[in-house]
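One letter stands for each residue in the lines below.
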Amino acid sequence: MRGRGGFATVWEAIGPEDTRLAFKFMSSQNVSATARELRSLQAIQKLSHPRLLRMRQIWSLPGQIVIGMDLADASLLDLLLLYTDEFSRPIDADKVCLYLFQAAEALDFLNAKRHHFDGGLVAFQHGDIKPNNILLVGDEARLADYGMSTPMITSPTPCPRQGTLEYAAPEIFQGFITETSDQFSLAVTYYLLRTGGFPYPAPPANPPRNYQRKAPDLSLIHLDERPALLRALSPVPQDRFPNCTDLMNQLLKVQHLEVVRDPERGMSVRPTADSQSRSKILRMMEQNKAMAPA
């Protein structure tokens with residue numbers, strides 16, 4: 001077994017030609033709900049994007065839905081625990097920005113109203129963005145567990161699923177999902193990976209419909225990063241960024257980092273030219289101080 005959650009278990013198996021695969025077993029007791037979930041899964045299975053973990057096959061068994069998918073090396077939660085245990089600190093900022101920028105590209109693909117479902121075009125909201133569902137394949141991030149995404153024709157859309165409450169947007173507690181709900185969860189994920197803590201107190205296990213979060217506490221993160229996070233964490237969905245990539249671009253900008261795409265080496269993150277120049281000037285100033293006569 002590779003993992004267990006509240007509604008599913010994941011097992012590792014060997015497929016044809018010694019391919020390592022993951023099989024996710026999800027409990028599904030309601031016949032009508034199972035049919036609806038299968039339609040959604042089958043629609044999403046057809047989606048193709050380099051930042052989505054590929055779903056290979058879907059089966060309906062008595063009381064369960066099984067999804068066969070590619071097997072990843074680890075999750076961002078695994079990476080955070082490694083950094084915490086081995087180095088006693090959160091993940092390096094450049095790694096967080098690289099992996100979440102890649103996840104943002106997958107989310108913007110899902111969130112765009114361009115996917116065929118039930119005879120029309122819809123957008124999909126993932127609904128459960130968290131470090132556990134952003135997986136690493138080599139040194140690249142893949143968005144996983146998107147098979148239960150909510151198809152959206154209008155925003156907001158009624159949604160009985162709440163995902164993981166620690167990451168959920170305020171509107172989720174009222175029973176709705178919006179076109180920027182995933183962005184809110186991505187911002188919470190960023191804060192956790194950068195600091196090791198959450199910006200909000202843990203919500204109750206069964207929150208009432210009128211439950212409201214307090215203002216986020218961003219004291220563990222650098223001042224320059226807070227404005228972008230505050231916008232993405234706005235309780236008003238329309239006040240957030242237009243998309244997830246815009247959020248990550250702003251966080252990269254304030255940290256003087258930029259994304260580099262290389263056809264051979266793939267995507268990476270490096271300091272911007274102005275940041276390198278500033279560092280060079282500071283080093284020269286330190287050298288001049290050291291050489292100055294007493």
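What you see is a predicted model, and the numbers here were worked out from it, not measured in a lab. (Residues numbered from 1 in each chain as written. Predicted model: local features only at pLDDT ≥ 70, side-chain atom pairs only at ≥ 80, totals over all residues. Heavy atoms only, no water.)

Q: Teacher, can you tell me more about the overall build of the protein here?
A: Within the protein, the regular secondary structure consists of eight helices and 15 strands. Every one of the 294 residues in the protein was classed for burial, and the buried ones make up 47%. Taking the contacts inside the protein whose residues are at least 6 apart along the sequence as the reference set, 58% of them involve residues at least 24 apart. Entry remark: accessible area of the protein is about 15,800 Å², with carbon and sulfur atoms responsible for 54%. (Helix = DSSP H or I, 4+ residues; strand = E, 2+ residues; numbered from the N terminus. Buried < 20%, exposed > 50% of the residue type's maximum accessible area, 1.4 Å probe, protein only. Contact = heavy atoms within 4.5 Å. Areas by Shrake-Rupley, 256 points an atom, 1.4 Å probe, with all protein chains shown as cover.)

Q: Where do I start with the sheet that holds strand E6 (residues 74-75) in this structure?
A: In sheet architecture, strand pairing relies on hydrogen bonds along the backbone and comes in two forms, parallel and antiparallel. As summarised here, the arrangement of the three strands in space is E6-E9-E10, forming an open sheet in which the pairing is antiparallel. The sheet terminates laterally at E6 and strand E10 (140-143), the two strands that pair on one side only. Of the strand pairs in this sheet, E6 and strand E9 (residues 134-137) are connected by two bridges, and their pairing is antiparallel. Residue pairing across strands places Ser75 opposite Leu135, the latter belonging to E9. Along the sheet face, helix H3 (residues 93-111) touches E9 and E10 and points at about 30° away from the line of E10. (Pairing = 2+ DSSP bridges. Axes fitted to C-alpha atoms, helices over the stretch in contact; angles between N-to-C directions.)

Q: For this particular structure, what's the right way to read helix H2 (residues 76-87)?
A: Count 3.6 residues to each turn of an α-helix, and residues three or four apart come out pointing the same way. If you check H2, its first and last C-alpha atoms are 16 Å apart, about what twelve residues at 1.5 Å a residue would give, namely 16 Å. Among the residues making up H2, those that are buried are Leu76, Leu79, Leu80 and Tyr83. Each buried residue of H2 lies within a common arc of 100° when the element is viewed along its axis, so the set occupies one face. Opposite the buried face of H2, by more than 90 degrees, sit the exposed residues Asp85 and Glu86. In the core, the buried residues of H2 are packed alongside E6, H3, E9 and helix H5 (181-195). Backbone nitrogen of Leu77 and a side-chain oxygen of the N-cap are separated by 3.3 Å at the start of H2; the cap is Ser75. Just beyond H2, the residue with positive phi is Ser88, at close to 55°. (Expected span 1.5 Å × (residues − 1). Arc of directions from axis to C-beta. Polar contact = N/O pair within 3.5 Å; in protein donor to acceptor, adjacent residues only side chain to side chain.)

Q: Where do I start with the nonpolar core in this structure?
A: Nonpolar side chains tend toward joint burial in soluble globular proteins. Core analysis: the biggest nonpolar cluster contains 80 residues, and Leu100, Leu186 and Tyr190 have the highest contact counts within it. Broken down by element, this core gets its largest block of residues, twelve residues, from H3. If near-sequence neighbours (up to four positions away) are discounted, Leu186 is found in contact with Leu100, Ala104, Leu107, Ile129, Cys244, Leu247 and Met248. (Core = buried A, V, L, I, M, F, W, Y, C linked by side-chain atoms within 4.5 Å.)

Q: Explain the packing of H5 against helix H7 (residues 244-254) here, please?
A: The description of two packed helices rests on the angle between their axes and on the distance between the axes. The geometry of H5 relative to H7 is characterised by a closest axis approach of 10 Å and an angle of 30° between their N-to-C directions. Relative to H7, the element H5 lies roughly parallel. Relative to H7, the crossing made by H5 is right-handed. Between H5, through Gln183, Leu186, Ala187 and Tyr190, and H7, the contact on the second element is made entirely by Cys244, Leu247, Met248 and Leu251. Considering only residue class, the contact of H5 with H7 consists of seven nonpolar, one polar and no charged. (Parallel < 35°, antiparallel > 145°, perpendicular 65-115°, else oblique. Left-handed = near helix turned anticlockwise from the far one by under 90°. Nonpolar A, V, L, I, M, F, W, Y, C, P; charged D, E, K, R; others polar.)

Q: How should the packing of aromatic side chains be read in this particular structure?
A: Any two aromatic rings considered together are summarised by their centre-to-centre distance and by the angle between their planes. Counted by the stated rule, this structure contains six aromatic pairs. Ring geometry for Phe23 against Trp59: centres 5.9 Å apart, planes inclined by 35°, an arrangement best described as tilted. Here Phe23 is found in strand E3 (residues 20-27), whereas its partner Trp59 is found in strand E4 (residues 55-61), with 36 residues between them in sequence. The class for Trp59 is partly exposed, based on a relative accessible area of 37%. Between Phe117 and Phe124, the ring centres sit 6.2 Å apart and the planes meet at 75°, which makes this aromatic pair edge-to-face. There is no split in this pair, since Phe117 and Phe124 are both buried. Between the NZ or CZ atom of Arg213 and the centre of the ring of Tyr200, over which it lies, the distance is 4.6 Å. Between the NZ or CZ atom of Arg231 and the centre of the ring of Phe241, over which it lies, the distance is 4.3 Å. (Phe/Tyr/Trp six-rings, centres within 6.5 Å; stacked < 30°, edge-to-face > 60°. Lys NZ or Arg CZ within 6 Å of the ring centre and 35° of its normal.)

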